[in-house]
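# Residue-level structure breakdown
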Amino acid sequence: MSPLDCGPRSGGRGIGAALYEAGLGHARGLGARAVETVVLAANADGLRFAEGRGFVERERYVLDGERDAWVDLRLAGHAS
């Protein structure tokens, strides 16, 4: 799935949740055994969104040559 950013004006209207549910349904339909996402550590709303849907943090890192930290998350209950 491509990056998902609905923008600040769409917050709280269910747009991100609807897109997420559609993407998750599609992944399940394809037989996905794992569902992961990556969120900028500074993106508190994005982390809250993912964690609220059952994602758990697996790793935090900074890419070579960058300053921003990223957070890898995996949907709980899926194989490693």
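Look up a bit, the structure's there.
Notes on the structure follow. (Residues numbered from 1 in each chain as written. Predicted model: local features only at pLDDT ≥ 70, side-chain atom pairs only at ≥ 80, totals over all residues. Heavy atoms only, no water.)

## A look at the sheet that holds strand S2 (residues 55-62)
Hydrogen bonding along the main chain pairs the strands of a sheet, whether they run parallel or antiparallel. In spatial order, the strands read S1-S3-S2; together these three strands make up an open sheet with antiparallel pairing. In the strand order of this sheet, the two ends are held by strand S1 (36-40) and S2, each with one partner. On average, adjacent strands in this sheet sit at an angle of 25° to one another, irrespective of strand direction. With five bridges connecting them, S1 and strand S3 (residues 69-75) associate as antiparallel partners. By the bridge assignment for S3, Glu 36 is matched with Arg 74. (Pairing = 2+ DSSP bridges. Helix = DSSP H or I, 4+ residues; strand = E, 2+ residues; numbered from the N terminus. Axes fitted to C-alpha atoms, helices over the stretch in contact; angles between N-to-C directions.)

## Some remarks on the side chain of Arg 74
Relative to the helices and strands, Arg 74 is located in strand S3. Here Glu 36 takes part through its side chain, which lies 2.2 Å from a polar atom of the side chain of Arg 74. (Polar contact = N/O pair within 3.5 Å; in protein donor to acceptor, adjacent residues only side chain to side chain.)

## Focus: the environment of Leu 73
Of note, Leu 73 is situated in strand S3. We classify Leu 73 as buried; its relative accessible area is 1%. Remark: the alpha-carbon pair of Leu 73 and Val 39, spanning 34 residues in sequence, is separated by 7.9 Å. Among residues more than four places away in sequence, those in contact with Leu 73 are Val 35, Glu 36, Thr 37, Val 39, Leu 47, Ala 50, Glu 51, Phe 55, Val 56, Glu 57 and Arg 58. (Buried < 20%, exposed > 50% of the residue type's maximum accessible area, 1.4 Å probe, protein only. Contact = heavy atoms within 4.5 Å.)

## Examining helix H2 (residues 44-52)
Buried within H2 are the following residues: Gly 46, Leu 47 and Ala 50. Burial along H2 is one-sided: seen end-on, the buried residues are contained in an arc of 95°. Turned more than 90 degrees away from the buried face of H2 sit Asp 45, Arg 48 and Gly 52, all of them exposed. The elements touched by buried residues of H2 are S1, S2 and S3. In the segment just after H2, Gly 54 is the residue with positive phi, at about 100°. (Arc of directions from axis to C-beta.)

## Observations regarding the pattern of salt bridges
As enumerated under the stated definition, the model contains four salt bridges in all. Its salt-bridge partner being Glu 36, residue Arg 58 comes within 3.1 Å of it at the nearest N-O pair. Taken together, the positions of Arg 58 in strand S2 and Glu 36 in strand S1 put the pair 22 residues apart, joining distant regions of the chain. Residue Arg 58 is classed as partly exposed on the basis of its relative accessible area of 49%. Using a relative accessible area of 49% as the deciding quantity, one classes Glu 36 as partly exposed. Among the ionic pairs, Asp 45 bridges to Arg 48, the shortest N-O distance being 2.4 Å. Placement of both Asp 45 and Arg 48 in helix H2 is noted, with a separation of three residues, approximately one turn of the helix. The residues Asp 45 and Arg 48 share a single accessibility class, namely exposed. Each of Glu 36, Arg 58 and Arg 74 takes part in one network of salt bridges that share partners. (Salt bridge = Lys/Arg side-chain N within 4 Å of Asp/Glu carboxyl O.)

Nothing here speaks to function; it is geometry throughout.
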